[in-house]
Amino acid sequence: MADAPHVPLASLTGSAHPAVGRALSSPAPASSPGVKDLLLPGRVSKSFHIETFGCQMNVHDSEKVAGVLLERGYSPVDDPLAADVIFYNTCSIREKAAQKVFSRLGQHRGPAGRGKIIGVLGCVAQQEGEEIFERAPWVSLVCGSASYRRLPDLLAQLESGNRRVMGLDTDTEETFETEITRRDNPFRAYLTIIEGCDKACSYCVVPYTRGPERSRSSDSILREVRELAALGYSEIQLLGQTVNSYRDPAPRALSFADLLLAVAETPGIRRVRFTTSHPRDFGPDIVAAIDAHPSICDHVHLPVQSGSTSVLRRMLRTYTRDEYLEKIAMIRSARRSIALSTDIIVGFPGEDANEFSETLSLLDLVQYDQIFSFKFSPRPHTPAEHMDDALSEEEKGSRLTTLQERQREIQLRRNQSFAGQSFELLVDNRGHKPGQWAGRTSSNRVVNFASPRPDLLGQYVQVRVTQAGPNSLLGDLV
Ligand code: 5AD
Ligand code: SF4
């Protein structure tokens, strides 16, 4: 299953992680091949490669980090082994994701990594800190997302001969804004409006790895939206671990719903998406904004995590099953039909068969258009790490399969109900064969269609649905 559109975490922020708030840099030994030589001004081939794991926030952070590197004269290359600077932007939301980076780092052991800058960014960097240097001594930079504003300085330290640098503060008020952002997609732009997370879900490492909530000012967001529109971007995706907890620090103090409307009003912007929303902060003004402006997409991603009030209490999610269902009823009462997706964790410590069946019955009640589901994975620094995790991996796996099968049937039925209807798509992908294309509806459904036109990427087209599968639709150009 695809990874969830976001990643979120808890009150541990700014706490006593041994590495928090320290920067380490040591001069290169005289015999070191020297990153410095590699970066002498006359040298032409300063190249970089970034590999990104995890959520959209990480994807967008990498776009900004690429901007920082471009500003310093590096150019991007596809092959990590050919690059002078290799950054891994990592995810630690579940253990499997966190392990991946160490296998990647293994590629650069010995001669392969000599003279290169190898950096670990993101959540694993924040979580493991200095220990990364011990496990992989050829790494020269470790930097968590709350310290990215220090990246130019850290790179300058490496360029001037320091062998190891580290940025792991989380107690910052600042957000990461860059002069250049190298966006990967020419028509859909990610834009982070709030960083970090102040919620304290008991399973989640994000408050620890990404620090406390910091909102960017509406003036600066809207300025960037206007610039993006002028560059030809027509879809803006506002990002945050809890995007709807946005609190504008500017004097005019726009609410999140007002911000959505202001972005949607920007000339040239045809679609506005936002992810991820926290149920507690999801109010009727957001639904009213979606109703009021057709450019605000009719899709809400509202992670529930569990359908059982007792599990939700142990997860510290701050709402009950019934309170969540009231939010769903509010969204369903909109004039527009709003698509819904969610995140679910199965096998949370102590989840009994009854509690799990409440999650299944919630799927039946809500009729989501899509779910992202995960087996509980104990994470360091989280309260749930030490809860009695009695369920076997096998039992968690079997619950996950049951849940996904139930949802598959729901999605198939829902998708079949769209046969014969027409939708506007933003074309965002080519199919495997020439003449095949894929796009997304405002409600975030994927529709495949055929057209002999040579380049439809980034265009808006009208398509009538002819067939439906559980995960996508098939249609004809109208
Ligand atoms: N184990 C499993 N899934 C998790 N998520 C967050 N933390 C964990 C964990 N420890 C899931 C949640 C969240 C999504 C991005 O990842 O469902 O919404
Ligand atoms: Fe994690 Fe909860 Fe914050 Fe989401 S809201 S990032 S799940 S702590």
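The rules we used
- Residues numbered from 1 in each chain as written.
- Chains lettered and ligands numbered in written order.
- Predicted model: local features only at pLDDT ≥ 70, side-chain atom pairs only at ≥ 80, totals over all residues.
- Heavy atoms only, no water.
- Helix = DSSP H or I, 4+ residues; strand = E, 2+ residues; numbered from the N terminus.
- Rg over C-alpha atoms; globule rule 2.2 N^0.38 Å.
- Buried < 20%, exposed > 50% of the residue type's maximum accessible area, 1.4 Å probe, protein only.
- Areas by Shrake-Rupley, 256 points an atom, 1.4 Å probe, with all protein chains shown as cover.
- Expected span 1.5 Å × (residues − 1).
- Arc of directions from axis to C-beta.
- Contact = heavy atoms within 4.5 Å.
- Polar contact = N/O pair within 3.5 Å; in protein donor to acceptor, adjacent residues only side chain to side chain.
- Pairing = 2+ DSSP bridges.
- pLDDT = per-residue confidence, 0-100.
- Core = buried A, V, L, I, M, F, W, Y, C linked by side-chain atoms within 4.5 Å.
- Domains from an automatic or database assignment.
- Axes fitted to C-alpha atoms, helices over the stretch in contact; angles between N-to-C directions.
- Salt bridge = Lys/Arg side-chain N within 4 Å of Asp/Glu carboxyl O.

(A) Here's a closer look at the overall build of the protein chain. A tally of regular secondary structure across the protein chain gives 14 helices and 20 strands. Relative to its length of 478 residues, the protein chain is compact, with a C-alpha radius of gyration of 23 Å against a globular reference of 23 Å. The principal-axis extents of the C-alpha atoms in the protein chain amount to approximately 70 × 55 × 50 Å. Across the 478 residues that make up the protein chain, the buried fraction comes to 57%. Counting only carbon and sulfur atoms, one obtains 49% of the accessible surface of the protein chain, whose full area is about 19600 Å².

(B) Seen up close, unusual backbone geometry. Following T275, the chain continues to T276 via a peptide bond in cis, the omega torsion being 5°. Structurally, T276 is set in the loop between β12 (271–275) and α10 (284–292). Backbone geometry places Q305, a non-glycine residue, at a positive phi of 75°. Structurally, Q305 is set in the loop between β13 (299–301) and α11 (309–315). Unusually for a residue other than glycine, N444 sits at a positive phi of about 75°. Mapped onto the elements, N444 comes out in the loop between β17 (436–440) and β18 (446–450).

(C) Just helix α13 (residues 353–366), in detail. Between its terminal C-alpha atoms α13 stretches 20 Å, which fits the 20 Å expected from 14 residues at 1.5 Å a residue. Buried within α13 we find E355, F356, T359, L360, L362, L363 and V366. Down the axis of α13, the smallest arc covering the buried residues is 155°, so these residues share one side. Summarising the geometry of α13, the exposed residues directed more than 90 degrees from the buried face are A353, N354 and L365. Here the buried face of α13 lies against α11, α12 (321–332), β14 (339–346), β15 (370–375) and α14 (393–416). The N-cap of α13, judged by a side-chain oxygen 3.1 Å from the amide nitrogen of N354 a few residues on, is D352. The positive-phi residue at the C-terminal boundary of α13 is Q367, with phi of around 55°.

(D) Main features of helix α6 (residues 151–159). Those residues of α6 that sit buried are L151, L154, L155, Q157, L158 and E159. Where α6 terminates, the next one or two residues include G161, which has phi positive at roughly 115°.

(E) Local environment of the pairing of strand β11 (residues 235–239). Taking burial as the measure, the 5 residues of β11 include 5 buried ones, the bulk of the element. The alternating pattern of β11 places E235, Q237 and L239 and I236 and L238 on opposite faces, both of which are buried. Where strand β8 (residues 188–192) and β11 come together, 5 bridges link them in parallel fashion. By the bridge assignment, L191 is partnered in β11 with L238. In this sheet, β12 lies alongside β11 in parallel orientation, the contact comprising 5 bridges. Within β12, the residue paired with L238 across the bridge is F274.

(F) Layout of the confidence of the model for the protein chain. On average, residues of the protein chain score 89 in pLDDT, and 91% of them reach the 70 mark or higher. Contacts of residues 1–44 to residues separated by more than four positions or lying in other chains number 120 contacts, the stretch itself having pLDDT below 50.

(G) Spotlight on the nonpolar core. Counting residues in hydrophobic clusters, the biggest one holds 89 residues, and the most contacted among them are L105, I193, L238 and F274. It is helix α9 (residues 256–265) that contributes the most residues to this core, 6 residues altogether. The residues that make up this core include at least three from each of domain 1 (21–167) and domain 2 (188–387). When residues no more than four places from it in sequence are discounted, the contact partners of L105 are Y88, I118, V120, I132, A136, W138 and V139. With 20 residues, the next largest nonpolar core counts I117, L121, C143 and V165 among its residues.

(H) Seen up close, the sheet that holds β12. The sheet built from 3 strands is open, its strands ordered β8-β11-β12 with parallel pairing. Edge positions in the open sheet fall to β8 and β12, since each of these has one partner strand only. The average angle at which neighbouring strand axes cross in this sheet is 20°, direction not considered. α9 rests against β11 and β12 of the sheet, and its axis sits at about 150° to β12.

(I) Layout of the sheet that holds strand β19 (residues 460–468). Strand order in the closed barrel made by the 5 strands is β16-β17-β18-β20-β19, with mixed pairing throughout. Geometrically, the sheet is characterised by an average inter-axis angle of 55° between neighbouring strands, direction not taken into account. Sheet topology note: the β19/strand β20 (residues 473–477) ladder contains 5 bridges and is antiparallel. The residue of β20 that forms the bridge with V465 is G475.

(J) The arrangement of the pattern of salt bridges in detail. What the rule picks out here adds up to 30 salt bridges. The salt bridge involving E177 is made with R216; its shortest N-O contact spans 3.5 Å. With E177 in the loop between β7 (162–167) and β8 and R216 in the loop between β10 (214–215) and α8 (218–230), the pair connects residues that are 39 residues apart, well separated along the chain. Through salt bridges that share partners, R188, E235, R273, D428 and R440 make up one connected network.

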